[in-house]
Amino acid sequence: MGVLRLAHVSIKAPDLDLAAAYYTQVLGLDLVERTNDDNGDRIFLKCWDERDHHCLAIRYDPRVGIDRFTFKAEFEDDLDEIENRVTRYGVAVERVAKGEEVGQGESIRFATPSGHEMEVVNDVVKVGGRLPLRNPTPVPQDLVGIAPPRIDHLLIHAEEVPEMVHFMQTTMGFHLTEQLLSGEGHQMGAFLQRSGRPHDIAIVQGPNGGLHHVSFWLDDWDHVRRAADLLAFHGVSIDIGPTRHGITRGNTIYFFDPMGTRNEVFTGGYRPDPDFPTITWTEDNMGRAIFYYEWKDNGRFLTVHT
Ligand SMILES: [Fe+2]
């Protein structure tokens, strides 16, 4: 019972036509629908192997940034349990009724200690993946662009990382797989999971409400190399990579969408069980923790965010 995985991330962009072109043709997501209502002008996108309505929502706004992130709970009753725990923690919870939000039923929303709006939902509209559930081929034959099969995680900023970690552990039972400690022993970075992967959400010290990146899963390292070829072909601004993280042990490439939101495609990493012990990195090893091959930040990775 409880939180299963990251469901979707809702971001803002100043050009929805450009966003739709990039996210469908370069990243290779499927455009599910475009709506224009009291919640704004928005596009909803999903990966080819996802069956729920969307993993990414983009709302027109003159400024880039994050609106909210949404996790999926296994059962409808989980919403009551999480609402109780979040309320007991001292955080107000808002119920969003079925029919109020595109692509989903009832949900709960609340402000996290990191200054983000977080949502938990169980009931989502099923639109189906590109493969049938009976005798499927391994890969659809008509994919365009990088075409990740699913969303993987997001990285947000928080002024007080330990406070956010405590909130996620206490109210929703997230497991701390890895942490980065400053020379004084202060938690500067934290990696939390519910889904049995190295992280579903990561939190790094920075301005409250900030978004560092949204990450999509690829099935193997060769797909990361192919992603780099496609990004270079399309003239997309690559931040760093392909490379490997010390933290999570994943293989990665970071790049920016045309509006400036950082994207990642990611593969590999270990498979943590619920009793996985927390791995600690110290500040003097921060370069290797972040980029294992380079041993240092590129001067942009730790400072540029939306
Ligand atoms: Fe990441």
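Shown above is the structure to which this text applies.
To start, this report covers the structure provided alongside it.

Cut-offs used in this document
- Residues numbered from 1 in each chain as written.
- Predicted model: local features only at pLDDT ≥ 70, side-chain atom pairs only at ≥ 80, totals over all residues.
- Heavy atoms only, no water.
- Axes fitted to C-alpha atoms, helices over the stretch in contact; angles between N-to-C directions.
- Helix = DSSP H or I, 4+ residues; strand = E, 2+ residues; numbered from the N terminus.
- Parallel < 35°, antiparallel > 145°, perpendicular 65-115°, else oblique.
- Left-handed = near helix turned anticlockwise from the far one by under 90°.
- Contact = heavy atoms within 4.5 Å.
- Nonpolar A, V, L, I, M, F, W, Y, C, P; charged D, E, K, R; others polar.
- Expected span 1.5 Å × (residues − 1).
- Buried < 20%, exposed > 50% of the residue type's maximum accessible area, 1.4 Å probe, protein only.
- Arc of directions from axis to C-beta.
- Donors = N, O, S within 2.8 Å, 3.2 Å for Na, K, Ca; no water.
- Pairing = 2+ DSSP bridges.

Take the packing of helix 2 (residues 77-89) against helix 3 (residues 161-172) next. Orientation of helix 2 relative to helix 3, taken along the N-to-C sense of each, is 140°, at an axis distance of 9 Å. Relative to helix 3, the element helix 2 is oriented oblique. Crossing of helix 2 over helix 3 shows right-handed handedness. Seen from helix 2, the contacting residues are I82, R85, V86 and Y89; seen from helix 3, they are E163, H166, F167, T170, T171 and M172. Here the contact of helix 2 with helix 3 is composed, by residue class, of five nonpolar, three polar and two charged.

Another aspect to go through is helix 4 (residues 221-233). Here helix 4 spans 19 Å end to end across 13 residues, near enough to the 18 Å set by a 1.5 Å rise per residue. All buried positions along helix 4 are accounted for by V224, A227, A228, L230 and L231. One side of helix 4 carries all its buried residues, which in axial view fall inside an arc of 165°. Exposed residues lying more than 90 degrees from the buried face of helix 4 are A232 and F233. Looking at the buried positions of helix 4, the neighbouring elements they touch are helix 1 (16-26), strand 14 (238-244), strand 15 (250-256) and strand 16 (262-268). Where helix 4 ends, the next residue or the one after it, G235, has phi of about 70°, a positive value.

On to the coordination of the iron ion, then. Within the first shell, the iron ion binds the protein through H153 (NE2), H213 (NE2) and E264 (OE), at distances of 2.1 Å. Here the donor residues of the iron ion share one chain and are spaced in sequence as H-x59-H-x50-E. Separated by 111 residues along the polypeptide, H153 in strand 9 (residues 150-158) and E264 in strand 16 bring together distant segments of the chain. As far as the burial class goes, H153 and E264 line up, both buried.

A few words now on the sheet that holds strand 2 (residues 30-37). Spatially, 2-3-4-1-5-8-7-6 is the arrangement adopted by the eight strands of the open sheet, whose pairing is mixed. One side of each edge strand has no neighbouring strand; the edge strands of this open sheet are strand 2 and strand 6 (93-96). Strand-to-strand, the axes of this sheet are offset by a mean angle of 20°, without reference to chain direction. Relative to strand 8 (residues 117-121), strand 7 (residues 107-111) runs antiparallel, the two being bridged by five bridges. Following the sheet pairing, R109 is matched in strand 8 by E119. Helix-sheet contacts for helix 2 involve strand 1 (3-13), strand 5 (65-73), strand 6, strand 7 and strand 8, and the interaxial angle to strand 6 is about 155°. Against the sheet, helix 3 touches strand 1, strand 5, strand 7 and strand 8, its axis set at about 20° to strand 8.

On the basis of which strands lie adjacent, the open sheet formed by nine strands has the order 14-15-16-13-9-12-11-10-17 and mixed pairing. A strand with exactly one partner marks an edge of an open sheet, and here the two such strands are strand 14 and strand 17 (279-282). Sheet twist, expressed as the mean angle between neighbouring strand axes with direction ignored, is 15°. Pairing between strand 11 (residues 187-193) and strand 12 (residues 201-205): four bridges, direction antiparallel. Paired with G189 across the bridge in strand 12 is V204. Sitting on the sheet, helix 3 touches strand 9, strand 10 (175-181), strand 11 and strand 12, and the angle it makes with strand 11 is about 20°.

That's the geometry; what it means functionally is another story.
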